[in-house]
Amino acid sequence: MDKPKVVLGVSGGIAAYKACELLRRLTESGHDVRVVPTASALHFVGAATWSALSGHPVSTEVWDDVHEVPHVRIGQQADLVVVAPATADTLAKAAHGLADDLLTNTLLTARCPVVFAPAMHTEMWEHPATQENVATLRRRGAVVIEPAVGRLTGVDTGKGRLPEPAEIFEVCRRVLARGVTEPDLKGRHVVVSAGGTREPLDPVRFLGNRSSGKQGYALARTAAARGARVTLLAANTGLPDPAGVDVVQVGTAVQLREAVLKAVTDADAVVMAAAVADFRPETYATGKIKKKDGQDPDPIVLVRNPDILAEISTARARPGQVIVGFAAETDDVMANGRKKLERKGCDLLVVNEVGERKTFGSEENEAVVLGADGSETPVPHGPKEALAETVWDLVARRLG
Ligand SMILES: Cc1cc2nc3c(=O)[nH]c(=O)nc-3n(C[C@H](O)[C@H](O)[C@H](O)COP(=O)(O)O)c2cc1C
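None of the values given here were measured: they were computed from a predicted structure. (Residues numbered from 1 in each chain as written. Predicted model: local features only at pLDDT ≥ 70, side-chain atom pairs only at ≥ 80, totals over all residues. Heavy atoms only, no water.)

Moving on, we come to the layout of surface pockets. Taking a probe equal in size to a water molecule and rolling it over the atoms shows the remaining empty space. Here the largest pocket defines a volume of roughly 1,100 Å³. Forming the walls of the largest pocket are 43 residues, and the residues nearest its centre are Ala274, Ala275, Val276, Ala328 and Lys340. When contributions to the lining of the second largest pocket are tallied by element, the ones reaching two or more residues are β5 (143-144), α9 (165-178), α10 (214-225) and α14 (384-399). In terms of domain composition, the lining of the second largest pocket takes at least three residues from each of domain 1 (5-178) and domain 2 (189-399). (1 Å grid on protein atoms, 1.4 Å probe; cavity = no way out; pocket = protein on both sides within 12 Å on 5 of 7 lines; lining within 4 Å. Points joined across faces, edges and corners; volume = space filled by probe spheres on them. Helix = DSSP H or I, 4+ residues; strand = E, 2+ residues; numbered from the N terminus. Domains from an automatic or database assignment.)

Moving on, we get to the UniProt feature "domain: Flavoprotein" (unreviewed entry) in the chain. With numbering aligned to this structure, UniProt lists the feature "domain: Flavoprotein" (unreviewed entry) at residues 5-173. With 44% helix and 21% strand, residues 5-173 has end C-alpha atoms that lie 12 Å from one another. (UniProt positions renumbered as here; feature names shortened; annotations may be inferred.)

Now for the nonpolar core. Counting residues in hydrophobic clusters, the biggest one holds 33 residues, and the most contacted among them are Leu219, Trp392 and Val395. Those elements giving two or more residues to this core turn out to be β8 (189-195), α10, β11 (229-235), β13 (269-272), β16 (322-329), β17 (348-353), β18 (364-371) and α14. At 8 residues, α14 tops the list of elements feeding residues into this core. When residues no more than four places from it in sequence are discounted, the contact partners of Trp392 are Leu185, Val190, Val192, Leu219, Thr222, Ala223, Arg226, Ala269 and Val271. (Core = buried A, V, L, I, M, F, W, Y, C linked by side-chain atoms within 4.5 Å. Buried < 20%, exposed > 50% of the residue type's maximum accessible area, 1.4 Å probe, protein only. Contact = heavy atoms within 4.5 Å.)

Glancing now at a nonpolar patch on the surface. Judged by side-chain polarity, Leu207, Phe279, Ile300 and Leu302 come together as a nonpolar surface patch covering roughly 330 Å² of accessible area. Tracing the chain through its elements places Phe279 in strand β14 (residues 279-281). (Patch = residues over 30% accessible without salt bridge, like charges linked within 9 Å, V, L, I, M, F, W, Y side chains within 5 Å. Areas by Shrake-Rupley, 256 points an atom, 1.4 Å probe, with all protein chains shown as cover. Salt bridge = Lys/Arg side-chain N within 4 Å of Asp/Glu carboxyl O.)

On to the domain arrangement of the chain, then. Taken domain by domain, the chain consists of domain 1 (5-178) and domain 2 (189-399). For domain 1 versus domain 2, the distance between C-alpha centres works out to 35 Å. If you look at the interface, domain 1 gives 10 residues, while domain 2 gives 13 residues. Summed over both partners, the interface of domain 1 with domain 2 buries about 920 Å², with 54% contributed by carbon and sulfur atoms. Area buried by domain 1 at its contact with domain 2 is led by Glu167, Arg174 and Arg178, which between them contribute 52% of it. For the pair domain 1 and domain 2, the interface holds 3 salt bridges. (Buried area = accessible area lost by both parts, 1.4 Å probe.)

Take a look at the structure:
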């Protein structure tokens with residue numbers, strides 16, 4: 001089978017170097033990528049880099065290789081065009097149909113899905129001209145990813161940062177797999193917990209678990225891509241905030257419970273992907289616990305943590321709220337999953353097998369989603385985003 005043809009448009013923003021990482025992800029995952037930079041983009045990253053990494057010639061203008069009519073062919077043959085970073089200038093040109101270089105010509109001739117990943121200073125992003133251009137592009141069916149919040153050029157911070165290449169890659173993968181779909185979670189508020197709680201013993205030590213948070217972040221990103229307002233409750237993940245998602249950082253199970261109870265009041269769906277410690281040390285030593293010569297260490301006494309999933313499932317904050325739990329099991333995976341679904345009272349339970357080298361920290365997952373209605377949806381081994389999509393498909397169906 002031919003490799004999907006992707007055009008990577010790069011415009012002249014400081015984040016152009018991040019597009020090299022996006023290009024690498026696209027080529028390594030089996031896409032044939034043609035890079036079309038603007039002349040400004042080449043001030044930031046040279047043509048040699050784009051050409052060597054993509055294996056294709058690179059040109060900014062319509063006047064090279066004219067016999068191949070590149071200003072028409074590149075767009076016509078593409079399965080996907082992604083512009084990352086998309087400058088304010090390139091967004092404006094695309095919105096108004098200008099065609100004064102190879103990238104803007106390509107945008108006019110492409111009949112495939114188009115994804116823009118804008119990056120610019122906050123003032124440029126918030127300017128009504130840019131906002132109207134973005135609205136125009138979205139109205140015409142383009143996917144415009146919300147910029148992330150964080151460090152911009154120089155010392156400035158704010159909204160306008162290019163989302164991480166991994167995030168842009170996932171949007172591309174999704175659009176290639178599903179096309180530009182109607183945002184079926186638009187108008188919905190979803191809450192996702194991610195990561196693993198840490199229960200402190202003293203100021204330097206804690207009881208924790210191996211959850212990386214990647215599955216929860218994939219759920220948050222995917223829900224945002226499907227139009228939802230997303231609150232992500234992140235427990236000790238160290239991962240960059242997904243663009244367009246409200247992130248609340250928590251540490252312990254008790255803090256997570258507080259954050260969940262606050263966030264769920266107006267939520268349509270809640271997905272509890274975080275690994276919550278069942279127990280916490282009964283006491284917290286305010287100073288570092290020291291070794292005492294010739295003495296055995298004091299035992300650590302544990303007390304139960306609140307069962308957040310059971311609590312929010314039993315006393316739903318809103319009628320019709322859909323609640324999804326996760327069961328990470330090492331033995332008797334399916335039997336334990338079924339028991340857990342019944343015990344917790346949630347609507348769906350994602351059951352997966354975990355272990356030292358399985359699932360935790362990995363980019364991939366494999367699971368069965370059990371429904372309280374008796375349904376079983378197997379999700380084969382694949383990217384964590386694929387599992388996330390299945391979860392939201394099942395949630396969207398239940399939301400009606
Ligand atoms: C150091 C530097 C960084 C820039 N970063 C951005 C940026 O992140 N986003 C943006 O919209 N414009 C940025 N610009 C301005 C664009 O390069 C300028 O608008 C240019 O005309 C864009 O051309 P293009 O859209 O054809 O690539 C930057 C300019 C300079 C000199």
